[in-house]
Amino acid sequence: MHIAEGFLPPAHAIAWGVASAPFVVHGVRSLTREVREHPESTLLLGASGAFTFVLSALKLPSVTGSCSHPTGTGLGAVLFRPPIMAVLGTITLLFQALLLAHGGLTTLGANVFSMAVAGPWAGYGVYRLLRRYDVPLMVTVFFGAFVADLSTYCVTSVQLALAFPDPGSGFLGALGKFGSIFAVTQIPLAVSEGLLTVLVMRLLVQSSKGELTRLGVLLTTRGPKKQAVSAR
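The name that an unreviewed UniProt entry assigns to the protein chain is Cobalt transport protein CbiM, with the source organism given as Streptomyces griseicoloratus. UniProt lists a comment for the protein chain under the heading Sequence similarities (unreviewed entry), and it reads "Belongs to the CbiM family."

Listed below in structure tokens is the structure:
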């Protein structure tokens with residue numbers, strides 16, 4: 001990730017675009033509703049998009065036709081849920097393809113599916129599962145960002161293996177090769193992204209406590225005389 005312009009066969013590029021489209025359309029509706037009902041969230045939405053843009057623009061060479069980098073999608077998924085992150089991620093990938101030659105228009109659908117759809121949903125699922133068992137907030141944020149990052153590259157490995165199966169061992173052989181090459185750079189990057197996301201969340205807890213409470217990131221507990229905000 002990002003898969004470079006023209007790297008995928010046309011049929012694969014079209015198929016991934018079709019697969020991504022419903023998630024983006026649903027995300028546009030969710031984003032429109034969020035901005036209409038809570039215009040005060042615009043600043044935090046912009047910050048989430050900028051976080052994704054900056055982190056995913058940092059690229060390290062990985063395999064021919066692709067590269068490794070943080071994704072930055074875990075933060076937005078935790079704050080606003082995956083549908084909205086699908087839109088922010090798509091905007092990020094589109095601008096990077098047009099302005100930075102990072103990714104491409106023909107591979108936009110595949111890149112959107114891995115980074116803006118699969119990654120946020122996987123990270124958010126882990127985040128919600130840990131919250132259900134009262135794991136401290138910052139621990140859940142770390143694992144949410146870590147899984148969102150790593151799962152993006154797992155999906156990218158699947159995409160590349162489907163497009164370029166190994167002549168001898170087929171899809172599974174190619175998947176093993178792509179996945180092992182990505183893992184060398186991506187596991188440390190996923191850990192680093194998790195730690196950075198925790199630092200950003202700590203800053204948001206200090207500066208935007210009311211907004212995080214409305215979004216359900218910070219939980220409120222009511223006692224007999226006062227209401228307390230919990231970071232669990």
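S.K.: Looking at this model, I keep getting lost on the packing of helix H3 (residues 73–80) against helix H7 (residues 170–207). Mind explaining?
M.R.: Think of two packed helices as two axes; the pair is described by the angle between the axes and how far apart they sit. At a minimum axis distance of 9 Å, the contact between H3 and H7 shows a crossing angle of 45°. As the angle between them shows, H3 and H7 are arranged oblique. Two packed elements cross with a definite hand, and for H3 against H7 that hand is right-handed. For the pair H3 and H7, contact is made by Thr73, Gly74, Leu75, Val78 and Leu79 and by Glu193, Thr197, Val200, Met201 and Leu204, respectively.

S.K.: Got a minute to help me understand the UniProt feature "transmembrane region" (unreviewed entry) in the protein chain in this structure?
M.R.: With numbering matched to this structure, UniProt assigns "transmembrane region" (unreviewed entry) to residues 41–58, 79–102, 108–127, 139–161 and 181–205. For residues 41–58, helix accounts for 83% and strand for 0%, while the C-alpha atoms at its two ends are 27 Å apart. The annotated region residues 79–102 carries 83% helix and 0% strand content, and the separation between its end C-alpha atoms amounts to 26 Å.

S.K.: Looking at this model, I keep getting lost on H7. Mind explaining?
M.R.: Every α-helical turn comprises 3.6 residues, leaving residues that sit three or four positions apart pointing alike. Helix length check: H7 (38 residues) gives 52 Å between terminal C-alpha atoms against 56 Å at 1.5 Å per residue, within 8%. Maximum bend of H7: about 50°, positioned at alanine 183.

S.K.: Would you explain unusual backbone geometry in this entry?
M.R.: Although it is not a glycine, arginine 81 sits at a positive phi angle of roughly 80°. Among the structural elements, arginine 81 can be located in the loop between H3 and helix H4 (82–99). The phi dihedral of aspartate 134 is positive, around 60°, even though this residue is not glycine. Of note, aspartate 134 is situated in the loop between helix H5 (108–132) and helix H6 (137–163).

S.K.: Where do I start with helix H1 (residues 10–37) in this structure?
M.R.: An ideal rise of 1.5 Å per residue puts 40 Å on 28 residues; H1 measures up with 40 Å between its terminal C-alpha atoms. Along its length, H1 reaches its greatest deviation from straightness, about 30°, at alanine 21, and the proline proline 22 lies no more than four positions downstream. Of the residues making up H1, those classed as buried are Ala13, Trp16, Ser20, Val24, Gly27, Ser30, Leu31 and Glu34. Turning to H1, the residues buried within the fold contact helix H2 (42–56), H3, H4, H5, H6 and helix H8 (209–214).

S.K.: Can you walk me through the environment of alanine 4 in this structure?
M.R.: Tracing the chain through its elements places alanine 4 in the segment before H1. Among the residues examined, alanine 4 registers a relative accessible area of 30% and is labelled partly exposed. Along the chain, alanine 4 and threonine 106 lie 102 residues apart, while their C-alpha atoms are 8.6 Å from each other.

Parameters and conventions
- Sequence order as written defines the numbering, with residues in each chain counted from 1.
- In keeping with the model being predicted, local features are shown solely for residues with a pLDDT of at least 70 and side-chain atom pairs are shown and tallied solely at 80 or more, while totals for entire chains, interfaces and linings include all residues.
- Processing note: side-chain calculations cover all non-hydrogen atoms of the structure and skip hydrogens and water entirely.
- UniProt positions are given in the numbering used here, feature names are shortened, and annotations may be inferred rather than shown by experiment.
- To obtain an axis, a line is fitted to C-alpha atoms, over the contacting stretch when the element is a helix, and the angle between two such axes runs from 0 to 180 degrees between their N-to-C directions.
- To qualify as a helix, a DSSP run of H or I must reach at least 4 residues; to qualify as a strand, a run of E must reach at least 2; elements of each kind are numbered from the N terminus.
- Should an angle lie under 35 degrees it is considered roughly parallel, over 145 roughly antiparallel, and from 65 to 115 roughly perpendicular; all remaining angles are considered oblique.
- The crossing is said to be left-handed when, going from far helix to near helix, the turn is anticlockwise and less than a right angle, and right-handed when the turn is clockwise.
- By definition in these notes, contact holds between two residues if any of their heavy atoms fall within 4.5 Å.
- A helix is expected to span 1.5 Å for every residue after the first.
- Note that the bend at a residue is defined as the angle between axes fitted to the seven residues ending at it and the seven residues starting at it.
- Buried means the residue's accessible area, taken with a 1.4 Å probe over protein chains only, is under 20% of the maximum for its type, while exposed means over 50%, and partly exposed covers the values in between.

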